[in-house]
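# Per-entry structural report
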Amino acid sequence: MSAKRVAVVLKGYPRLSETFIAQELLALERRGLSLEIWSLRRPTDRARHPMHGQIRAEAAYLPEYLRDAPLRVLRGLGAALRRRNLPALLALFVRDFRRDPTASRLRRLGQALVLARELPADIAHIHVHFLHTPASVARYAALLTARRWSFSAHAKDIWTTPDWELTEKLRDAAWGVTCTRDGLARLDALAPGRTLLAYHGLDLSRFPIPPPHETRDGTDPARPLRLLCVGRLVAKKGHDDLIDALATLPAGLHWQLDLIGGGELRAALEARVGTCGLAERIRFRGALAQPAVIEAMRAADLFVLPTKPAPGGDRDGLPNVLMEAASQALPILATAFAGTPEFITDGTHGVLVPPGDPAVLAAALIRLADDPGLRRRLGEAARARLVRDFSEEAAIALIAGRLRASAGLSSDVAAHESELPACAS
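These figures come from a predicted structure and were not determined experimentally. (Residues numbered from 1 in each chain as written. Predicted model: local features only at pLDDT ≥ 70, side-chain atom pairs only at ≥ 80, totals over all residues. Heavy atoms only, no water.)

## Here's the deal with the overall build of the chain
Helices and strands together make up the secondary structure of the chain, namely 18 helices and 13 strands. For 425 residues, the compact-globule estimate of 2.2 N^0.38 gives 22 Å, and the chain sits close to it at 23 Å. For the chain, with 425 residues in total, the buried portion stands at 55%. Summarising the internal contacts of the chain: among those between residues at least 6 apart in sequence, 75% fall at separations of at least 24. On the chain, roughly 17,100 Å² of surface is accessible, and the fraction owed to carbon and sulfur atoms is 52%. For the chain, the distance from the average position of its 57 positive side-chain charges to the average position of its 47 negative side-chain charges is 7 Å. (Helix = DSSP H or I, 4+ residues; strand = E, 2+ residues; numbered from the N terminus. Rg over C-alpha atoms; globule rule 2.2 N^0.38 Å. Buried < 20%, exposed > 50% of the residue type's maximum accessible area, 1.4 Å probe, protein only. Contact = heavy atoms within 4.5 Å. Areas by Shrake-Rupley, 256 points an atom, 1.4 Å probe, with all protein chains shown as cover. Lys, Arg positive; Asp, Glu negative; His and termini not counted. Charge placed at Lys NZ, Arg CZ, Asp CG, Glu CD.)

Shown next as structure tokens:
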């Protein structure tokens, strides 16, 4: 293996909600790439996915707040004073700060100074996940150290970062990928041809064969319909709409819902559940590691994820939990929003309803509860779609090829790009 390595910059690591990043890091290592992880924040989740334990790369942590590590910041500044690219970095930072005069912008510069000083000499390239805060740090550090950088754009970073900032980052990056056509369209509108499409997909070898699913229809109170929703408790996941929809279901339909995920809205959602009189039917299970999530999917009758736009513009990409549900042939009810229709065709691989409409969501729940045969057909079709078109192999081949070329490990990029499946061409 070559001594050259790639630094991967993340906002937080490890995170339970970012299985797609852990999966990618592990797959890149298995393709022979040597990585070093740099995180802007320390972990806050108490649990970890098994994948995190399999990743060989060590994680280093930048100071989340500059006041917490003044000596590291001063050493970074001292090292920067000796670099020939410092004037170019300061000119860039001043332009950015004039348009975004915030403490966060200053913190990004300080973190970049620390990163630039502490990056080992064998780091040949910087790759960053998310085009907002992490990409600012990576961009500044890359400029200061005369390295190239690339990006993986996902969801919130695409839709909440100002146009001027996205445009300039797209221009400066060596290359980038994003995981939905929805996101690609926005980035291409700002800087055509700078970004490639690479669906996350799943490494299906990590998932068990689907179980035989029950035929519960909710008519027997002793065998209630088991609903499952997995996602951070934040506005864009639409948990409020799901609770409101469940509150209108007929009394003769017996059901239970497990909500898996942690987040800032838990107290508000628990209060909403209490107000609706559903506390005995809805269980908040918190954030769980992937094996526990998969076990919950194997025990469920229907997966529900009613994502929608959040205040401020935040939105999902293509949630990996939809593919995880499909891996277990679990039927899916979701909203026709963001990247979800790129995976699920309404009536073929699942049922899609408009975002932000609890009444239509409730009607779809009743329809699916009443028809176990339809649920079985949809679940099987979703798994077939996943196996055929959403393996992780094509995306990893593309990203690994690009990283190898950028780090001087290989010049063969076109061969990897030709491996993309028809759905991602």
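## Here's the deal with the sheet that holds strand 7 (residues 195-197)
The 7 strands are arranged 3-2-1-4-5-6-7 in an open sheet whose pairing can be described as parallel. In the strand order of this sheet, the two ends are held by strand 3 (59-61) and strand 7, each with one partner. Sheet twist, expressed as the average angle between the axes of neighbouring strands with direction ignored, equals 25°. As paired elements, strand 6 (residues 175-178) and strand 7 share 3 bridges and run parallel to each other. Looking across to strand 7, one finds that Val177 is bridged to Leu196. The strands that helix 17 (residues 393-406) touches are strand 1 (5-12), strand 4 (123-129), strand 5 (149-153), strand 6 and strand 7; relative to strand 6, the one it contacts most, it runs at about 165°. (Pairing = 2+ DSSP bridges. Axes fitted to C-alpha atoms, helices over the stretch in contact; angles between N-to-C directions.)

## Observations regarding the UniProt feature "domain: Glycosyl transferase family" (unreviewed entry) in the chain
Here the UniProt feature "domain: Glycosyl transferase family" (unreviewed entry) sits at residues 224-384. Secondary structure content for residues 224-384 is 41% helix and 17% strand, while the C-alpha to C-alpha distance between its ends is 28 Å. (UniProt positions renumbered as here; feature names shortened; annotations may be inferred.)

## A few points about the nonpolar core
Taken as a class, soluble globular proteins show a tendency for nonpolar side chains to be buried jointly. Grouped together as the largest cluster of nonpolar side chains are 61 residues, with contacts concentrated most on Leu246, Trp255, Ile282, Met297, Phe303, Leu333 and Leu365. At 6 residues, helix 15 (residues 358-369) tops the list of elements feeding residues into this core. Within the second largest apolar cluster, 38 residues are counted, among which are Leu62, Val73, Ile123 and Trp149. (Core = buried A, V, L, I, M, F, W, Y, C linked by side-chain atoms within 4.5 Å.)

## Here's the deal with the packing of aromatic side chains
A full pass over the atoms with the stated rule returns 5 aromatic pairs. For the pair Phe93 and Phe97, a centre-to-centre distance of 5.6 Å together with 25° between the ring planes defines the contact as stacked. Placement of the pair is Phe93 and Phe97 together in helix 4 (residues 86-99), with a separation of 4 residues, close to one helical turn. Exposure remark for Phe93: the relative accessible area of 8% places this residue in the buried category. Take Phe97: its relative accessible area is 27%, and that puts it in the partly exposed class. The interplanar angle of 55° and the centroid separation of 4.8 Å between the aromatic rings of Tyr199 and Phe390 together place this pair among those described as tilted. Of the two residues, Tyr199 is situated in the loop between strand 7 and strand 8 (225-230) and Phe390 in the loop between helix 16 (372-389) and helix 17; the sequence distance between them amounts to 191 residues. Members of the aromatic cluster, connected to one another through ring pairs, are Phe93, Phe97 and Tyr140. In this structure, Arg67 packs its charged tip against the face of Tyr65, placed 4.8 Å from the ring centre. (Phe/Tyr/Trp six-rings, centres within 6.5 Å; stacked < 30°, edge-to-face > 60°. Lys NZ or Arg CZ within 6 Å of the ring centre and 35° of its normal.)

## Let's talk about the packing of helix 4 against helix 6 (residues 133-145)
Two elements in contact, helix 4 and helix 6, have axes whose closest approach is 8 Å; the angle formed by their N-to-C orientations is 155°. Taken as axis vectors, helix 4 and helix 6 run roughly antiparallel relative to one another. Considering how the two elements wind past one another, helix 4 and helix 6 form a crossing that is right-handed. Contact residues: helix 4 offers Leu86, Ala88, Leu89, Leu92, Phe93 and Asp96, while helix 6 offers Arg139, Tyr140, Leu143 and Leu144. In the contact of helix 4 with helix 6, the residues fall into 8 nonpolar, no polar and 2 charged. (Parallel < 35°, antiparallel > 145°, perpendicular 65-115°, else oblique. Left-handed = near helix turned anticlockwise from the far one by under 90°. Nonpolar A, V, L, I, M, F, W, Y, C, P; charged D, E, K, R; others polar.)

## A few points about the pairing of strand 11 (residues 302-305)
Burial along strand 11 is two-sided: the residues Leu302 and Val304 and Phe303 and Leu305 are all buried. The pairing of strand 8 with strand 11 spans 2 bridges and is parallel. Each bridged residue has a counterpart across the sheet, and for Leu227 the counterpart in strand 11 is Leu302. In terms of handedness, the path from strand 11 via helix 13 (residues 320-327) over to strand 12 (residues 332-335) forms a crossover that is right-handed. (Right-handed = clockwise from strand over helix to strand, strands pointing away.)

## Details of a nonpolar patch on the surface
Taken together, the side chains of Leu71, Leu74, Leu77 and Leu81 define a hydrophobic patch exposed on the protein surface, amounting to about 420 Å² of accessible area. As for its position among the elements, Leu74 is in helix 3 (residues 70-80). (Patch = residues over 30% accessible without salt bridge, like charges linked within 9 Å, V, L, I, M, F, W, Y side chains within 5 Å. Salt bridge = Lys/Arg side-chain N within 4 Å of Asp/Glu carboxyl O.)

## With respect to helix 1 (residues 19-30)
A rise of 1.5 Å per residue sets the reference length of helix 1, with its 12 residues, at 16 Å; its end C-alpha atoms lie 17 Å apart and thus fit the reference within 8%. With 11 of its 12 residues buried, helix 1 lies for the most part within the structure. Turning to helix 1, its buried residues are Thr19, Phe20, Ile21, Ala22, Gln23, Glu24, Leu25, Leu26, Ala27, Leu28 and Glu29. Looking at the residues trailing helix 1, positive phi occurs at Gly32, about 95°. (Expected span 1.5 Å × (residues − 1).)

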